[in-house]
2 protein chains.
Amino acid sequence: MSPAFDPLTFLGDLRRALARDEPDTLAAMLAELHPQQLLDLWPELDPGERATILTRIPSGKAAEVVSNLSDHEQPELLDILPPRHLAEVMEELSPDDLTDALQAFAASDPESVTEIKSLLDSETLAVADTLVGYGEEEAGGLMTPEFLSVRATMTCGEVLEVLRRASPDAETIYYLYVVDGSDRLAGVLSLRDLIVSEPARRVRDVMNADVVRVRTETDQEDVARLMADYDFPVLPVVDTGGRLVGIVTVDDVLDVLEEEATEDIHRLGAAPVDVDYVHANPWLLFRKRVSWLVLLVVSMTLTFNVIAHYEAIIEEIVILAAFIPLLIGTGGNVGAQVATLVVRALATRELELRDYLKVLAKEVGTGLLLGAAFGLFIALYVLIFRAEPRIAAALGITMVLISFTANLVGASLPFLFRRLRIDPALTSSPGITTVMDVVGLLIYFRVVIWIVGPLLEGAGGSPGP
Amino acid sequence: MSPAFDPLTFLGDLRRALARDEPDTLAAMLAELHPQQLLDLWPELDPGERATILTRIPSGKAAEVVSNLSDHEQPELLDILPPRHLAEVMEELSPDDLTDALQAFAASDPESVTEIKSLLDSETLAVADTLVGYGEEEAGGLMTPEFLSVRATMTCGEVLEVLRRASPDAETIYYLYVVDGSDRLAGVLSLRDLIVSEPARRVRDVMNADVVRVRTETDQEDVARLMADYDFPVLPVVDTGGRLVGIVTVDDVLDVLEEEATEDIHRLGAAPVDVDYVHANPWLLFRKRVSWLVLLVVSMTLTFNVIAHYEAIIEEIVILAAFIPLLIGTGGNVGAQVATLVVRALATRELELRDYLKVLAKEVGTGLLLGAAFGLFIALYVLIFRAEPRIAAALGITMVLISFTANLVGASLPFLFRRLRIDPALTSSPGITTVMDVVGLLIYFRVVIWIVGPLLEGAGGSPGP
């Protein structure tokens, strides 16, 4: 196997072998194929090809493929694989993946899943069932209940002998958890420490009794961040009684971090988080996307009302309308930019709620600098290309106020959302843009009335020299 | 150590112990402290406190802290720690971290770094120097050159004996790489396989000869994705001659995935990627942020020119100006939303360049649905609140065209950028918004001239019934 694998060439060869019904060539090709490579090809294959391949590779390999299919893709297996064969593959899934797959099947076709379950080993099912109660986004839903635990009174030599006989999976062998008589977590022993210790030493003298652990209900994002920050390859999960019930391994956490990043990115773009973009059709995409957009469109009718309210001003000086997109667009961009920085820093825990005042102080400064720069630019631009000093002044002042306000709104909304226990990423660039469109217009017309107003109504009321 | 650690309480206690000069209390507190906890406290500490703590904890622990400080924070150590002590801590850094730290020091104060280097062990320096040539974003810059390699002719028992004597770090013990006489990578042997094998068996009979490897110049994002997709905890790195030169471990890759996600998120918000938000002052933030914003503001002067060009139309029907933010804002939001989905799918490799036509076909459909929905909404809105059928028709048609165009532009630009080998995330929500502001206005005025135009100029030229 090589990472320099060309999926399209392989697909061509594979299809030739399938068409000519050359079982030997096919077997040779499939023996070389890594589950991840098959996953890369998956979208290109038709259901018949998928079924043929899954039945011709070892169940363990097929299980690796199945466990990495999405919730939307898994139910197809009910239609394309004979139940007995599917059950065989599912026996090879790790308990957490089995639970997930059974839930995906049940959501799509409750009847077939009963048949599949009846074909599974009762012990396999019992282990998977212990996981059903946990939320998908919690440590309990992420962990596997298959781990090795040993007693503190064993010697290192005895433990090594147990390992040799049990021949556990690579996933679970590197950290051995030490439990007391009631299965409560008492320590951890790394395989490394075991190897370098004298065989006659007791586990309790070699183990580390100070084990970082999480509870089954700990949020998966907190689990991921703990493992990433502390460089833990495995993390034990305990129940409310302190009993060891499972372990989370770093490869699960890689996927969590990627999922969480995707969710944040989608939220920041006001895009749906629960859509599988690649496999969704236009109608599904429309339904998933339209809800946020409708909210934004309806909110933006406010901009219409603001401008309509000040219609008389534009009627008087039409050119004022021409600056609207520039002014409110800059407000949106400034706000979106700072909100992006703050949302990400909150997500990676570089910022906490208590840092709000520090951020505010900083963004007052940055906002004034940005406002001054853009205000000066636009005032000069108007002066040069339109040569109307009062309008130039009004534009300059509006730009300073809009940039400054947008910067504060963009920096504050994510904190407000976090405070209200809403995901800060929901502030979103389109959300900030929409808010700043309305706020920007209100600022613009107030400033115009203040600076240009006396001009509009002749000379009335202005206390000039 | 417990993850339920309250940094602020700890900080208060720590400061009390420092102020009262209670070395025993301080030692007890610091003994309990995990390097990550110290890192969490770091921004709260003043330089004197940082120095006191770093000199009172073991060098190994101090090194873990130092290796996790950012490039901006590391140079401070040159000022606050005695050179001899700093060198002692640096001896404990892994070679990749040492190289990074020396580069950060050199960038800030080339003279001090010479002094520190003269205090380092020559062997330590030599290993770190082999890494200097590699780019920071490549496998060579990510890997550590400290790994265990064994020969294929050894027995499993001999290897275990070597491990016991060498007592290597946990990071490097779980996968042993098998090399030939020229140090070329020939296979991999997991500690798990070693443990469960008969001690008399030869390494070559137990090892897996089919090792996935990367080259020193492989991009770190590709390394991260390979490890995440294939669940590799360690990945060997070879030079152009196929010689094993280092290994990348999964904890390095967790950081890479997080960094890359942060970069994408920042780019999507038109925010700077190379700024440490939490530690930057307003002036630095201004300088980093202003470049994108200036580009956007200058581009948006185009909107002014478009509207000024059609000034006569607005002069005739002022209310048309009031719809501008609603129309172009919706274009921006629709475009930003789809661009977000496509950028993320390209980043996670769910989409490739070759999928462009498929995406286009899908987005023509979604764009028409979105356009129809918003077009209908706005036409009805105008009809109900303003009761002008021609204007309502013009608005409806404009909204259909803008939504549809924005959807295609938002879906296409990321592909175009990828094709031009520019990061697709640089399309950014503010970027799309700005493009759609200009495009939207052009569409609007063309449609208005077409539908409302005959009204404007009386009846002239329209070939109606």
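Fair warning: this is a prediction, and the values are worked out from it, not measured in the lab.

What counts as what
Residues numbered from 1 in each chain as written. Chains lettered and ligands numbered in written order. Predicted model: local features only at pLDDT ≥ 70, side-chain atom pairs only at ≥ 80, totals over all residues. Heavy atoms only, no water. Helix = DSSP H or I, 4+ residues; strand = E, 2+ residues; numbered from the N terminus. Rg over C-alpha atoms; globule rule 2.2 N^0.38 Å. Buried < 20%, exposed > 50% of the residue type's maximum accessible area, 1.4 Å probe, protein only. Contact = heavy atoms within 4.5 Å. Lys, Arg positive; Asp, Glu negative; His and termini not counted. Charge placed at Lys NZ, Arg CZ, Asp CG, Glu CD. Least-squares fit on C-alpha atoms with pLDDT ≥ 70 in both. Expected span 1.5 Å × (residues − 1). Polar contact = N/O pair within 3.5 Å; in protein donor to acceptor, adjacent residues only side chain to side chain. Buried area = accessible area lost by both parts, 1.4 Å probe. Salt bridge = Lys/Arg side-chain N within 4 Å of Asp/Glu carboxyl O. Nonpolar A, V, L, I, M, F, W, Y, C, P; charged D, E, K, R; others polar. Pairing = 2+ DSSP bridges. Axes fitted to C-alpha atoms, helices over the stretch in contact; angles between N-to-C directions. Parallel < 35°, antiparallel > 145°, perpendicular 65-115°, else oblique. Core = buried A, V, L, I, M, F, W, Y, C linked by side-chain atoms within 4.5 Å. Phe/Tyr/Trp six-rings, centres within 6.5 Å; stacked < 30°, edge-to-face > 60°. Lys NZ or Arg CZ within 6 Å of the ring centre and 35° of its normal. Patch = residues over 30% accessible without salt bridge, like charges linked within 9 Å, V, L, I, M, F, W, Y side chains within 5 Å. Areas by Shrake-Rupley, 256 points an atom, 1.4 Å probe, with all protein chains shown as cover.

Colleague: Describe the overall build of chain A, listing the residues and the values that go with them.
Modeller: What chain A contains, in helices and strands, is 25 helices and six strands. At 31 Å, chain A has a C-alpha radius of gyration far larger than the 23 Å of a compact globule built from 465 residues. Principal axes of the C-alpha set define a box for chain A whose edges measure 100 × 65 × 40 Å. Within the span of chain A, comprising 465 residues, buried residues form 55% of the whole. For chain A, restricting intrachain contacts to residue pairs at least 6 apart in sequence, the fraction spanning at least 24 positions comes to 69%. Charged side chains of chain A number 35 positive and 69 negative; the gap between the two group centres comes to 6 Å.

Colleague: Which residues make up the relation of the copies chain B and chain A, and what are the values?
Modeller: With an axial shift of 0.1 Å and an RMSD of 0.1 Å, the rotation relating chain B to chain A amounts to 180°. These values place the two chain copies in the arrangement generated by a two-fold rotation axis. Taken as a fraction of all interface residues of chain B, those also at the interface in chain A reach 99%, which identifies the copy contact as same-surface.

Colleague: So what's going on with helix α8 (residues 95-108) of chain B? Residues and values would help.
Modeller: All names here are of chain B. A rise of 1.5 Å per residue sets the reference length of α8, with its 14 residues, at 20 Å; its end C-alpha atoms lie 20 Å apart and thus fit the reference within 8%. Along α8, the positions that sit buried rather than exposed are Pro-95, Asp-96, Leu-98, Thr-99, Ala-101, Leu-102, Ala-104 and Phe-105. Of the surrounding secondary structure, the elements contacted by the buried residues of α8 are α6 (76-80), α7 (83-91), α9 (110-119), α10 (122-132) and α11 (139-142).

Colleague: Summarise helix α16 (residues 220-230) of chain B; cite the residues concerned and give the values.
Modeller: Note on helix geometry: an α-helix contains 3.6 residues per turn, so any two residues three or four positions apart are oriented the same way. Residues and elements named next belong to chain B. With respect to burial, α16 is a largely interior element, nine of its eleven residues being buried. The opening residue of α16, the one whose side-chain oxygen lies 2.8 Å from the backbone nitrogen of Glu-221, is Asp-219. The first or second residue beyond α16 is Asp-231, which carries a positive phi of 55°.

Colleague: Run through the interface of chain B and chain A, naming residues and quoting values.
Modeller: Taken together, the contact pairs 124 residues of chain B with 123 residues of chain A. For the pair chain B and chain A, the two sides together bury roughly 10,900 Å², of which 67% comes from carbon and sulfur. Together, Tyr277(B), Arg289(B) and Phe304(B) form the three largest contributors to the area buried by chain B at its contact with chain A, with a combined 8%. At the junction of chain B with chain A, the criterion picks out four salt bridges. For the salt bridge of Arg225(B) with Glu258(A), the shortest nitrogen-to-oxygen distance reads 2.9 Å. Inspection of the chain B/chain A interface yields 30 residue pairs in polar contact (both at pLDDT 80 or more). It is helix α18 (residues 282-309) of chain B that provides the largest number of residues to the side of chain B that touches chain A, a total of 19 residues. Along the lines of polarity and charge, the residues of the side of chain B that touches chain A split into 75 nonpolar, 24 polar and 25 charged.

Colleague: Got a sec to walk through the pairing of strand β2 (residues 175-179) of chain A? Specific residues and values, please.
Modeller: All names here are of chain A. By the criterion of burial, β2 is predominantly enclosed, with five of the five residues buried. Of the two faces of β2, the one holding Tyr-175, Tyr-177 and Val-179 and the one holding Leu-176 and Val-178 are both buried throughout. Both strand β1 (residues 149-151) and β2 contribute to a ladder of three bridges, which runs parallel. The partner of Arg-151 across the bridge, within β2, is Val-179. Hairpin connection, β2 to strand β3 (residues 185-190): the antiparallel pair is bridged by five residues, and Asp-183 has positive phi, about 65°.

Colleague: I'd like a description of the packing of helix α18 (residues 282-309) of chain A against helix α24 (residues 429-451) of chain A, backed by residues and values.
Modeller: Helix packing for two helices is described by the angle between their axes and how far apart those axes are. All names here are of chain A. Put simply, α18 and α24 touch, their axes get as near as 10 Å, and they point 10° apart. When the axis of α18 is compared with that of α24, the two are roughly parallel. Here α18 contributes Leu-296, Ser-299, Met-300, Leu-302, Thr-303, Val-306 and Ile-307 to the contact with α24, which in turn contributes Pro-430, Gly-431, Thr-434, Asp-437, Val-438, Leu-441, Leu-442 and Phe-445.

Colleague: Please set out the sheet that holds strand β5 (residues 234-238) of chain A residue by residue, giving values where relevant.
Modeller: All names here are of chain A. Strand order in the open sheet formed by three strands is β4-β5-β6, with mixed pairing between adjacent strands. The sheet is open, and its two borders are formed by β4 (214-215) and β6 (244-249), each paired with just one other strand. Of the pairings in the sheet, the one linking β4 to β5 comprises two bridges and is parallel in character. Note that in β5 the partner of Val-214 across the bridge is Val-237. Those strands touched by helix α16 (residues 220-230) are β4, β5 and β6, and its axis lies near 140° from that of β5.

Colleague: Quick one: what's the story with the sheet that holds strand β3 (residues 185-190) of chain B, residue by residue and with numbers?
Modeller: Residues and elements named next belong to chain B. Taken together, three strands build an open sheet; the order of strands is β1-β2-β3 and the sheet is mixed. Single-partner strands in this sheet number two, and they are β1 (149-151) and β3. Across this sheet, the average inter-strand angle for adjacent strands is 35°, counted without regard to direction. Both strand β2 (residues 175-179) and β3 contribute to a ladder of five bridges, which runs antiparallel. Each residue of the ladder has a partner; that of Val-178, found in β3, is Gly-187.

Colleague: Give me the lowdown on the nonpolar core, citing residues and values where you can.
Modeller: Membership of the largest hydrophobic core comes to 97 residues, with the highest contact counts inside it found for Ile314(A), Phe323(A), Ile314(B) and Phe323(B). Ignoring any residue separated from it by four or fewer positions in sequence, one finds Phe323(A) in contact with Val382(A), Ile391(A), Leu395(A), Tyr444(A) and Phe304(B). Ala152(A), Leu185(A), Leu189(A) and Met207(A) belong to the second largest nonpolar core, which has 57 residues in total.

Colleague: So, unusual backbone geometry: which residues are in play, and what are the values?
Modeller: Residues and elements named next belong to chain A. Even without a glycine there, the phi angle at Ala-270 is positive, about 55°. Its identity as a non-glycine residue notwithstanding, Ser-428 has a phi of 55°, on the positive side. Within the fold, Ser-428 resides in the loop between α23 (389-419) and α24.

Colleague: Would you mind going over the environment of Arg202(A) in detail, with residue names and values included?
Modeller: All names here are of chain A. Mapped onto the secondary structure, Arg-202 falls in the loop between α14 (191-196) and α15 (203-206). Taking the relative accessible area as the measure of exposure, Arg-202 reaches 35% and is therefore partly exposed. Each C-alpha atom of the pair Arg-202 and Ile-432 lies 61 Å from the other, and the pair is 230 residues apart in sequence. Dropping the residues within four chain positions of it, Arg-202 is found in contact with Ala-152, Thr-153, Met-154 and Thr-155.

Colleague: Could you give me a rundown of the packing of aromatic side chains, with the residues and numbers involved?
Modeller: Under the defined criterion, the tally for this structure stands at 18 aromatic pairs over all chains. Note on Phe323(A) and Phe304(B): the rings are 4.4 Å apart at their centroids and 20° apart in plane angle, and the pair reads as stacked. Taken together, the residues span two chains, with Phe323(A) in the loop between α20 (319-322) and α21 (324-347) and Phe304(B) in helix α18. Here the two residues Phe323(A) and Phe304(B) agree in accessibility, since each one is buried. The cationic tip of Lys362(A) hangs over the ring face of Tyr277(B); the distance from NZ or CZ to the ring centre is 5.0 Å.

Colleague: So, the packing of helix α17 (residues 250-268) of chain A against helix α17 (residues 250-268) of chain B: which residues are in play, and what are the values?
Modeller: Contact pair α17(A) / α17(B): the axes reach a minimum separation of 10 Å and the direction vectors enclose 5°. The angle between α17(A) and α17(B) places the two elements in the roughly parallel class. On α17(B), the residues touching Val250(A), Val253(A), Leu254(A), Leu257(A), Glu258(A), Ala261(A), Asp264(A), Ile265(A) and Leu268(A) of α17(A) are Val250(B), Val253(B), Leu254(B), Leu257(B), Glu258(B), Ala261(B), Asp264(B), Ile265(B) and Leu268(B). The residue makeup of the contact of α17(A) with α17(B), split by class, is 14 nonpolar, no polar and four charged.

Colleague: Can you explain a nonpolar patch on the surface? Please cite residues and give values.
Modeller: Residue and element names in this part refer to chain A. On the surface, Leu-376, Leu-380, Leu-383, Ile-384 and Phe-385 cluster together into a nonpolar patch covering about 540 Å² of accessible area. If you trace the backbone, Phe-385 turns up in helix α22 (residues 356-385). Taking the relative accessible area as the measure of exposure, Phe-385 reaches 56% and is therefore exposed.

Colleague: Account for the pattern of salt bridges, with residues named and values stated.
Modeller: Between side chains of opposite charge, a pair can form when the charged atoms approach closely. Here the structure, examined in full by the defined rule, presents 32 salt bridges over all chains. Between Asp274(B) and Lys288(B) there is a salt bridge whose closest N-O contact spans 2.9 Å. Linking Asp274(B) in the loop between α17 and α18 with Lys288(B) in helix α18, this pair joins segments that are 14 residues apart in sequence. One salt-bridge network, held together by shared partners, links Glu263(A), Arg267(A) and Asp423(A).

None of this, on its own, says anything about what the molecule does.
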